[in-house]
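Here are the chains, one letter per residue:
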Amino acid sequence: MAKKVPGINTGSSADISFLLLTFFLLTSSINTEQGIPRRLPPPKEKDAKEQKVDINQRNVLNVLVNFQDQISVNGEQMDISMLKQTAMDFLENANNDPHKPEKKYVDIDNMGEYAVSQGVISLTNDQGTTYNMYVQVQNELQRAVNELRDKVSSNYFGKKYDNLDTALQKSIQKAVPMNISEAPPIDYGKTE
Amino acid sequence: MARFRKEEKKVTPDLNMGSMSDIIFMFLFFFMVITTMREATLKVKFQPPKATEIQKLEKKSLVANIYIGAPISKNENTLPPGKVSVQLNDQTIKAEELAADVRDFIGTEKESRSEEDKNKLTFSLKVDKDVQMRYVNTIKNELRQNNALKINYATGKKSEMNN
């Protein structure tokens, strides 16, 4: 007589499949929203006069992107691969170079007195610059700031910036601010 | 006993099909969820630029999308000189109504959120990578005039570059 094979109990298979379903629902990243977040400056008030902000020339790094997607930094043409390093050197000013940004001592929570760089990156685009280039430049500048933040963070707290608590992250943000100011675009290369 | 066993025919057990329906339902649900995610049909070509320093937007419900790119069909409204369209919700907008349309769009998006969420509302600019900055700047200007200051440049993820 043939041996009877006992049937597999399938009562729980429905539960298993539901478990899988919820697993996929929670973990699958369908078309997630990601990108580079930015804040626009508040709108100009109508009757406000043009405010002349006096910024010392040594505190400004002029980044210009033209309609052919070429970059110039403080008047010198530069490849995008160099931009991050230049921005980092500028913002950090490790050797207190008199041509690079001043530092101001600020009392920051959890960190004590810290010499905050006063550097501002001024970004000017041409109207004909492609969006891709614009994002690449923004990305490189963000990368420069992020690496500086990581550096400061591992000096002070022995951790990377991303792994810090929000309170400490706020302190680091004060120590290494992200100062990008966007100048009104120029229009050299006329419409395609 | 061993001799007997050799002569027995081995019976392969039938696969139990009872769970098949569950599995099929699982797929069904899965695809249902995927397909209902995108609420607006794209009318412009949109291929995001790639970047490394990206952040995820936390809440999808607090994001409003603005698409800018080359129109897919010829019948869409474009901005002069006719190569780029701006899409809000389900429609591409006309050049002469751009300012008003963007203002309305921001207004309705803000209104549909609760009071505390209004300030957290992010406008995600989904711009094709080949678009010239002039169109992006126009939209940015409108957003700024209407006090919608939190924006996001939608990008894809690029694998880590070596310095």
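Residues numbered from 1 in each chain as written. Chains lettered and ligands numbered in written order. Predicted model: local features only at pLDDT ≥ 70, side-chain atom pairs only at ≥ 80, totals over all residues. Heavy atoms only, no water.

Points about the pattern of salt bridges
Opposite charge on two side chains permits them to pair, given that their charged atoms come into close proximity.
Residues and elements named next belong to chain A.
1) Next: As enumerated under the stated definition, the model contains eight salt bridges over all chains in all.
2) Next: Among the salt bridges present, the one from Glu-147 reaches Lys-84, with a minimum N-O distance of 3.2 Å. Highlighted residues: Glu-147 in helix 3 (residues 131-156) and Lys-84 in helix 2 (residues 80-92), separated in sequence by 63 residues.
3) Next: For Glu-140, the salt bridge identified is with Arg-143, shortest N-O distance 3.3 Å. With Glu-140 and Arg-143 both in helix 3 and three residues apart, the pair spans about one turn of that helix. Summarising the burial analysis for this pair, Glu-140 and Arg-143 share the class buried. (Salt bridge = Lys/Arg side-chain N within 4 Å of Asp/Glu carboxyl O. Helix = DSSP H or I, 4+ residues; strand = E, 2+ residues; numbered from the N terminus. Buried < 20%, exposed > 50% of the residue type's maximum accessible area, 1.4 Å probe, protein only.)

Quick word on the interface of chain B and chain A
1) Next: Counting residues at the interface gives 60 residues for chain B, matched by 54 residues for chain A.
2) Next: In this structure, the connection of chain B to chain A is made through one salt bridge.
3) Next: Between Glu-182 of chain A and Lys-140 of chain B there is a salt bridge, with its nearest N and O atoms 3.1 Å apart.
4) Next: Between chain B and chain A we count 21 residue pairs in polar contact (both at pLDDT 80 or more) in total.
5) Next: Mapped by element, the contributors of at least two residues to the side of chain B that touches chain A are helix 2 (20-37), strand 1 (50-51), strand 2 (55-56), strand 3 (63-69), strand 6 (122-127), helix 4 (133-145), strand 7 (150-154) and strand 8 (156-157) of chain B.
6) Next: The dominant element in the side of chain B that touches chain A, judged by the number of residues it contributes, is helix 4 of chain B, at nine residues.
7) Next: Considered class by class, the residues forming the side of chain B that touches chain A number 27 nonpolar, 14 polar and 19 charged.
8) Next: Of the pairings in the sheet, the one linking strand 1 (residues 34-39) of chain A to strand 2 of chain B comprises two bridges and is antiparallel in character. Residue pairing in the sheet places Gln-34 of chain A in a bridge with Lys-56 of chain B of strand 2 of chain B. (Contact = heavy atoms within 4.5 Å. Polar contact = N/O pair within 3.5 Å; in protein donor to acceptor, adjacent residues only side chain to side chain. Nonpolar A, V, L, I, M, F, W, Y, C, P; charged D, E, K, R; others polar. Pairing = 2+ DSSP bridges.)

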